[in-house]
Amino acid sequence: MTQRVFQVLRNALVLASFAFIIAIGGGTSIRVASADETCMSPYMAKITGQEEYLYVWTLGVDGVGDGSDKLVTIDVRPESPTYGKVINAVSVGGRHEAHHAGLTDDRRFLWASGLDTSTIFIFDVHSDPAQPKLVKTINDFVKVSGGVVGPHTNYALPGRMMLTGLSNDKDHGGLTALVEYTNQGNYVATHWMPHAQDTMGARVEQVADGYGYDVRVLPRKNVMLTSSFTGWSNYMMDFGKMLQDPEAMKRFGQTMVLWDYHTRKPKTVFNVPGAPLEIRFAWGAQNNYAFTSTALTSKLWLIYEDVNGEWQAKAVADIGDPAKIPLPVDISISADDSTLFVDSFMDGTVRVFDISDPHSPKQIHEQVIGKQLNMVSQSWDGERVYFTSSLLANWDKKGEDNEQFLKAYDWDGNTLTHRFTVDFTEEALGRPHIMRFGAKSLYGS
Amino acid sequence: MARENGRWPRRIRVAALGVGFLSLGAIAWCESAIAHDARQHIVPKDRVELTFGRSVDYDYDPPEPGSYVLPTLGNAADGRMRAPDGRTRNLYEVMDDRICVLAFIYTRCTDPDGCPLSMGLLDTLDFVGKSDPIVGDALRLITISFDPEYDTPEVIGAFAADYREEASEGGDWVFLTAGSQAELKPVLKAYDQPIGRKSDAEDSLGPFVHQLRVYLIDRRHRIRNIYSLGFLDPRLVITDVRTLLLEEQKAR
């Protein structure tokens, strides 16, 4: 029946009703009411050849240089006279717990966020890739997002940025949200994580803790995946003190959430205990899976689409000896999906896994990089690998173990060969954390 | 039948009440049917875009139109452009009162992950518009060249003819170019569409470095989505168009 027929019928009924009511008169009243290079966003242009610059988002240290957080640029052009040297540093003033940073889809801007003050710094890296410039600061992230605290991952979507939060301004615990901005830095939307009081229609394996950490998208499957860490009250606490606090140790994420990417609606809350951190989707056209590592339980997890088209999560390998709590913190997948680098903080070690069978990773290499180790980034061709040392200001090791470095290596598939080290303490820079690549060739003239 | 003390007999009043409630129920049913029918009008069961099915690049079923929100990402700017006949046309004039899908391209681009990809998307959308009158009446496609030195009005006209048999003006797919770099620059800036010249002007894929972006613009000239590589699924774009149409219907 057409819309027009329904409209005519509806109107006729309304008229007839009124006529009848009027006809019978009084007595009845009726009212009618109507009612990394290999870890980058797939949307981003890639540097498939030699990267030229490393941008290192660096935590300030009291008494070291100006003591402020800064974006440090290192020249990695092999033929350059300043190869392996710091060629630029932009101080943002103050310490904000500099942690993660990410490029916009056009790679013209680098968003770098502070976990403590929830401040976001936007750097122009295209006008002069050798000398990024701070062009915008977002100071009202907590207010505009509706109470999200601790912007972490800055992930490129077409024309916009997706930021993960780590905490909230009510109790500074782990309940948090995803927050979207335009590339220009205008707030777009907040998507709270599914939690016990509101699972938002998601299927929950065991618990919906509402925690957040990383986000990645697999566009061709229309899925988005998030992981979970801990809130402000923990990540800003002294590491040793936290380990001695049983209540604090209960406040770690134990979930990953699979989302319908286009609608931004959560579909499944997986049970992944032990604080699953970085997420890396495979690149192969038929490889419908992602890896993560759990910090507290020291395991590699695979999140994959099974033969029935259903997404599953399972632990597939140990990282070192979990009983020794090596604390895996970052992973990097190769562009051909054959190997996965896994950094662990406590033993300062990188382990390389053969993941050609993603359901059964095999460790093929292990090497101590320093006394503490955090982020790892590899080139698209897999021939160069870079490491940094710092985890969090209050979690880094103390005394002589508090090495702060960026180290560059060559990787031939079997061996890591050291190329250069930048000592961030000696250079009066601070604690280096995440690295992003730059190249002039991306932008043309 | 006589009134008693100015009132109808009780059995008549009870019957009237019953008829009244039945009428209300019928009206509510009609309202629901109208809403359902209007939705079916915008989202027919045999949506043409669903006939495309899944592909290796877009291996999922698109969401139901209207089951999500498309937030405003900013305002779509006006700008002075040139039509294939050389006349000056303002973008807002071209957009008219349509939902628009707008793409910046240049005709010399042969990068398979570049302009040919967005042209393929618009070509498919053009097909959907011609197959579905609800989408066709609402949708306008706009292709703008950012290479005015090469893509003169004549060149963009010939390029348009390759895609459409009809003349570019007056149809649902409008092809435009810029009169000069001075006219083009503010438009590219307003849409945040970065363009750069490659160091090798003879690059076989074309002389420009550019970020592939396609914009969905509502009738109030607001950007409601941006599509790029990995996200150029015509099923999703049409789903978004239908979502905007449902949004308009709800607001009436």
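Residues numbered from 1 in each chain as written. Chains lettered and ligands numbered in written order. Predicted model: local features only at pLDDT ≥ 70, side-chain atom pairs only at ≥ 80, totals over all residues. Heavy atoms only, no water.

Participant: I tried to follow the overall build of chain B on my own but got confused; where do I start?
Facilitator: Scanning chain B for helices and strands turns up 7 helices and 10 strands. For chain B, with 252 residues in total, the buried portion stands at 51%. Of all intrachain contacts in chain B linking residues separated by at least 6 positions in sequence, the fraction that spans at least 24 positions is 71%. Approximately 11700 Å² of chain B is accessible, and the part contributed by carbon and sulfur atoms is 53%. (Helix = DSSP H or I, 4+ residues; strand = E, 2+ residues; numbered from the N terminus. Buried < 20%, exposed > 50% of the residue type's maximum accessible area, 1.4 Å probe, protein only. Contact = heavy atoms within 4.5 Å. Areas by Shrake-Rupley, 256 points an atom, 1.4 Å probe, with all protein chains shown as cover.)

Participant: Please explain the sheet that holds strand E12 (residues 177-182) of chain A as it appears in this structure.
Facilitator: Within a sheet, adjacent strands bond to each other through the backbone by hydrogen bonds, running parallel or antiparallel. Residues and elements named next belong to chain A. Strand order in the open sheet formed by 4 strands is E9-E10-E12-E13, with antiparallel pairing between adjacent strands. The outermost strands of the open sheet, each flanked by one partner alone, are strand E9 (154-157) and strand E13 (187-192). Strand-to-strand, the axes of this sheet are offset by a mean angle of 25°, without reference to chain direction. Relative to E12, strand E10 (residues 160-164) runs antiparallel, the two being bridged by 5 bridges. Following the sheet pairing, Thr164 is matched in E12 by Leu178. (Pairing = 2+ DSSP bridges. Axes fitted to C-alpha atoms, helices over the stretch in contact; angles between N-to-C directions.)

Participant: Can you help me understand the packing of helix H3 (residues 115-131) of chain B against helix H7 (residues 234-251) of chain B in this one?
Facilitator: Relative placement of two packed helices is described by the angle separating their axes and the distance separating the axes. All names here are of chain B. Closest axis-to-axis distance for the H3/H7 pair is 10 Å, and the angle between their directions is 50°. The angle between H3 and H7 places the two elements in the oblique class. Like other packed secondary-structure pairs, H3 and H7 cross with a definite hand, here right-handed. For the pair formed by H3 and H7, the contact residues are Leu121, Thr124, Leu125 and Val128 on the first element and Pro234, Val237 and Ile238 on the second. (Parallel < 35°, antiparallel > 145°, perpendicular 65-115°, else oblique. Left-handed = near helix turned anticlockwise from the far one by under 90°.)

Participant: What is the right way to read the pairing of strand E23 (residues 328-333) of chain A from this model?
Facilitator: Side-chain positions along a regular strand alternate between the two faces of the sheet. All names here are of chain A. Counting buried positions along E23 gives 6 out of 6 residues, so the element sits mostly inside the fold. Bridging between E23 and strand E24 (residues 339-344) involves 5 bridges; their strand directions are antiparallel. Across the sheet, Ile331 pairs through a bridge with Val342, a residue of E24. Where E23 folds back on E24, the antiparallel hairpin that results is connected by 5 residues, among which Asp337 adopts a positive phi of roughly 60°.

Participant: It is not clear to me how the side chain of A:Ser68 should be interpreted in this structure. Could you clarify?
Facilitator: Residues and elements named next belong to chain A. Checked against the element boundaries, Ser68 lands in the loop between strand E1 (53-59) and strand E2 (70-75). Since its relative accessible area comes to 8%, Ser68 is described here as buried. Among residues more than four places away in sequence, those in contact with Ser68 are Gly60, Ser91, Gly93, Gly94, Arg95 and Leu429.

Participant: What is the right way to read the confidence of the model for chain B from this model?
Facilitator: Parts of the prediction with low pLDDT should not have their coordinates interpreted in detail. For chain B, per-residue confidence averages 88 on the pLDDT scale, and 85% of positions sit at 70 or higher. For this predicted complex, the interface confidence score (ipTM) comes to 0.88, while the overall pTM stands at 0.89. (pLDDT = per-residue confidence, 0-100.)

Participant: Quick question: what am I supposed to make of H3(B) here?
Facilitator: Think of an α-helix as 3.6 residues a turn; residues three or four steps apart then line up on the same face. Between its first and last C-alpha, H3(B) extends 24 Å over 17 residues, near the 24 Å set by a 1.5 Å rise per residue. When we look at burial in H3(B), the residues that qualify are B:Cys115, B:Ser118, B:Met119, B:Leu121, B:Leu122, B:Leu125, B:Asp126, B:Val128 and B:Gly129. (Expected span 1.5 Å × (residues − 1).)

Participant: Would you explain the packing of aromatic side chains in this entry?
Facilitator: The description of an aromatic ring pair rests on the distance of the ring centres and on the angle between the ring planes. Counted under the stated rule, the structure contains 32 aromatic pairs over all chains. Taken together, a centroid distance of 5.2 Å and an interplanar angle of 80° make the contact between A:Tyr83 and A:Phe420 edge-to-face. In this pair, A:Tyr83 sits in the loop between E2 and strand E3 (86-91) while A:Phe420 sits in strand E30 (residues 416-423), placing the two residues 337 residues apart along the sequence. Taken together through their ring pairs, the aromatic side chains of A:Tyr213, A:Phe229, A:Phe239, A:Phe252 and A:Trp395 make up a single cluster. Over the face of the ring belonging to A:Phe345 we find A:Lys397, whose NZ or CZ atom lies 5.9 Å from the ring centre. For B:Arg235, the ring lying beneath its charged end belongs to B:Tyr60, and the centroid distance is 5.1 Å. (Phe/Tyr/Trp six-rings, centres within 6.5 Å; stacked < 30°, edge-to-face > 60°. Lys NZ or Arg CZ within 6 Å of the ring centre and 35° of its normal.)

Participant: Any chance you could explain helix H5 (residues 153-163) of chain B here in plain terms?
Facilitator: Residues and elements named next belong to chain B. Those residues of H5 lying buried are Pro153, Ile156, Phe159 and Ala160. Taken around the axis of H5, the buried residues stretch over an arc of 125°, which confines them to a single face. What points out from H5, more than 90 degrees from its buried face, is the exposed set Glu154 and Asp162. Those residues of H5 hidden inside the fold are in contact with strand E2 (80-82), strand E4 (99-105), H3, strand E5 (139-145) and strand E6 (173-176). (Arc of directions from axis to C-beta.)

Participant: Can you walk me through the pattern of salt bridges in this structure?
Facilitator: A side chain of one charge can pair with a side chain of the opposite charge if their charged atoms are brought near each other. What the rule picks out here adds up to 46 salt bridges over all chains. Here A:Glu180 makes a salt bridge to A:Arg160, at a shortest N to O gap of 2.8 Å. Of this pair, A:Glu180 sits in strand E12 while A:Arg160 sits in strand E10, placing them 20 residues apart in sequence. Among the residues examined, A:Glu180 registers a relative accessible area of 1% and is labelled buried. Look at A:Arg160 and you get buried, because its relative accessible area is 5%. For B:Arg47, the salt bridge is made with B:Glu49, and the minimal N-O distance between the two is 3.6 Å. (Salt bridge = Lys/Arg side-chain N within 4 Å of Asp/Glu carboxyl O.)

Participant: Is there a simple way to think about the sheet that holds strand E21 (residues 299-305) of chain A in this case?
Facilitator: All names here are of chain A. As summarised here, the arrangement of the 4 strands in space is E19-E20-E21-E22, forming an open sheet in which the pairing is antiparallel. What marks the edges here is a single partner per strand, and that holds for strand E19 (276-281) and strand E22 (311-318). Adjacent strand axes in the sheet meet at a mean angle of 25°, parallel and antiparallel pairs treated alike. Sheet analysis places E21 next to E22, joined by 7 bridges and oriented antiparallel. Residue pairing for E22: Ile303 is matched across the bridge by Ala313.

Participant: It is not clear to me how the pairing of E10(A) should be interpreted in this structure. Could you clarify?
Facilitator: All names here are of chain A. With 5 of 5 residues buried, E10 is to be regarded as a mostly interior element. Relative to E10, E9 runs antiparallel, the two sharing 4 bridges. Following the sheet pairing, Leu157 is matched in E10 by Arg160. Where E9 hands over to E10, the hairpin turn is made up of 2 residues, of which Gly159 adopts a positive phi near 75°.

Participant: In this structure, what is going on with unusual backbone geometry? I would like to understand it.
Facilitator: If a residue is not glycine, its phi is most likely negative; likewise, a peptide bond is most likely trans. Backbone geometry places A:Ala275, a non-glycine residue, at a positive phi of 65°. Mapped onto the fold, A:Ala275 is located in the loop between strand E18 (265-271) and E19. In this structure, B:His221 is a non-glycine residue whose phi angle is positive, near 65°. Residue placement: B:His221 occurs in the loop between strand E9 (214-217) and strand E10 (222-227). Owing to a relative accessible area of 16%, B:His221 belongs among the buried residues under this scheme.

Participant: Can you help me understand the environment of A:Asp347 in this one?
Facilitator: Residue and element names in this part refer to chain A. By secondary structure assignment, the location of Asp347 is in the loop between E24 and strand E25 (349-354). With a relative accessible area of 27%, Asp347 lands in the partly exposed category. In this structure the C-alpha to C-alpha distance between Asp347 and Gly320, which are 27 residues apart in sequence, comes to 9.5 Å. Once residues lying within four places of it in the same chain are set aside, the contact partners of Asp347 are Pro326, Val368 and Gly370. There is a polar contact of 2.9 Å between the side chain of Asp347 and the side chain of Arg351. (Polar contact = N/O pair within 3.5 Å; in protein donor to acceptor, adjacent residues only side chain to side chain.)

Participant: Sorry if this is basic, but what is going on with the confidence of the model for chain A here?
Facilitator: For chain A, per-residue confidence averages 92 on the pLDDT scale, and 92% of positions sit at 70 or higher. Between residues 1-35 of chain A, whose pLDDT stays under 50, and residues either more than four places distant or in other chains, the model counts 42 contacts.

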